[in-house]
Amino acid sequence: MTEQLRLMAVHAHPDDESSKGAATMAKYVSEGVDVLVVTCTGGERGSILNPKLQGDTYIEANIHEVRAREMAEARDILGVRQEWLGFVDSGLPEGDPLPPLPEGCFALEDVDVAAGRLVRQIREFRPHVVTTYDENGGYPHPDHIMTHKITMVAFDAAGDPERYPEAGEAWQPLKLYYNQGFNRPRTEALHNALLERGLDSPYGEWLKRWDEFSRKERTLTTFVPCAEFFATRDKALLAHRTQIDPDGGWFAVPLELQQEIWPTEEYELAKSLVETTVPESDLFAGIRGRV
């Protein structure tokens, strides 16, 4: 018998798992891969972004509980398992100068100490592949950047029995990827396809301002075909009702056009302990023959 393949996706907040790599996870679940989402915070300081729910006093008073229920629904839609690391949302600082981060929040935790919780999850679940964010966090939210930091530490430490001995038997994942679904080639392709069909594009301003963000272009190494799971991705995203406006930009591009023009989700291979050749079409490239 062969060992079941296992994928761990490490995210900052509930809803991140549905907006970054969700179709990939649903695809792998359909193929029998065991998929675990690790959510670092409860999203306690997240704003209510759906205008239809703004001003709801119950949601405002119970945002942690509401977001946990949304996460449970999204988890079931995707067919994944999910664990909380138990850190407190840092919020997104706004203003000039930026205000200090709130005491006790995730982004102010000691990186090595916080990584210990993730090491325990890795050793218990024993993933072959881990996905997370790049050093910019995908975008510079302090919790996304912290998620990157602890994942990098935990990926290396989990296989070292001398580190975090209290966190269980050592286990070394074989590959680490950064989610890169919000990339310029995809954005330009969808933007141009919309205009060619006489449709409005939500990406015009994004592209005009892209260079202002001063972000280096990422190296896309892995393109996972998962178009048939885009609808599952959207359904999971809509489960996060407080965070997603069903009439907003997330759903401005017709599903059929996305499936035709850009039928993959993209990743950047950050670390690999197995031989592989890029570009890849599978996060488990180089692993399947070993497991």
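Each value, and the rule that gives it
Residues numbered from 1 in each chain as written. Predicted model: local features only at pLDDT ≥ 70, side-chain atom pairs only at ≥ 80, totals over all residues. Heavy atoms only, no water. Buried < 20%, exposed > 50% of the residue type's maximum accessible area, 1.4 Å probe, protein only. Helix = DSSP H or I, 4+ residues; strand = E, 2+ residues; numbered from the N terminus. Pairing = 2+ DSSP bridges. Axes fitted to C-alpha atoms, helices over the stretch in contact; angles between N-to-C directions. Parallel < 35°, antiparallel > 145°, perpendicular 65-115°, else oblique. Left-handed = near helix turned anticlockwise from the far one by under 90°. Contact = heavy atoms within 4.5 Å. Nonpolar A, V, L, I, M, F, W, Y, C, P; charged D, E, K, R; others polar. Salt bridge = Lys/Arg side-chain N within 4 Å of Asp/Glu carboxyl O.

A.B. asks: Before we move on, can you summarise the pairing of strand 1 (residues 6-11) with the specific residues and values?
C.D. replies: With six of six residues buried, strand 1 is to be regarded as a mostly interior element. Side chains of strand 1 alternate between two faces, with Arg 6, Met 8 and Val 10 and Leu 7, Ala 9 and His 11 buried alike. Relative to strand 2 (residues 34-41), strand 1 runs parallel, the two being bridged by six bridges. By the bridge assignment for strand 2, Arg 6 is matched with Asp 34. As paired strands, strand 1 and strand 4 (residues 129-132) are joined by three bridges and run parallel to one another. If you follow Ala 9 over to strand 4, its bridge partner there is Thr 131.

A.B. asks: Give a detailed account of the packing of helix 5 (residues 111-125) against helix 6 (residues 142-157), specifying residues and quantitative values.
C.D. replies: Contact pair helix 5 / helix 6: the axes reach a minimum separation of 8 Å and the direction vectors enclose 60°. The angle between the axes of helix 5 and helix 6 places the two elements in the oblique class. Crossing handedness for the pair helix 5 and helix 6: right-handed. Within the contact between the two elements, helix 5 uses Val 111, Asp 112, Ala 114, Ala 115, Leu 118, Val 119, Ile 122 and Arg 123 and helix 6 uses Met 146, Lys 149, Ile 150, Thr 151, Val 153, Ala 154, Phe 155 and Ala 157. Of the residues in the contact of helix 5 with helix 6, the class split is 12 nonpolar, one polar and three charged.

A.B. asks: Give me the lowdown on the environment of Glu 256, citing residues and values where you can.
C.D. replies: Along the chain, the position of Glu 256 falls in helix 10 (residues 255-261). It is 43 Å that separates the C-alpha atoms of Glu 256 and Glu 109, two residues lying 147 residues apart in sequence.

A.B. asks: Kindly report on unusual backbone geometry, identifying the contributing residues and their values.
C.D. replies: Excluding glycine, most residues fall at negative phi; most peptide bonds, likewise, are trans. The omega angle of the peptide bond from Asp 96 to Pro 97 is 5°, so this bond is cis rather than trans. Considering the arrangement of structural elements, one finds Pro 97 in the loop between strand 3 (81-87) and helix 5. At Asp 15, a residue that is not glycine, the phi angle is positive and equals roughly 110°. Note that Asp 15 resides in the loop between strand 1 and helix 1 (16-19). A relative accessible area of 13% places Asp 15 in the buried class.

A.B. asks: Lay out the pattern of salt bridges in plain terms, naming residues and giving numbers.
C.D. replies: This structure, assessed with the given rule, holds 22 salt bridges. The shortest N-O distance in the salt bridge between Asp 15 and Arg 67 comes to 2.5 Å. With Asp 15 in the loop between strand 1 and helix 1 and Arg 67 in helix 4 (residues 63-78), the pair connects residues that are 52 residues apart, well separated along the chain. Of the two residues, Asp 15 and Arg 67, both sit in the buried class. Between Asp 76 and Arg 75 there is a salt bridge; the shortest N-O distance is 3.5 Å. The class of Asp 76 is exposed, set by a relative accessible area of 54%. Its relative accessible area of 24% is what places Arg 75 among the partly exposed residues. When salt bridges that share partners are traced, they join Lys 27, Glu 31, Asp 282 and Arg 288 into one network.

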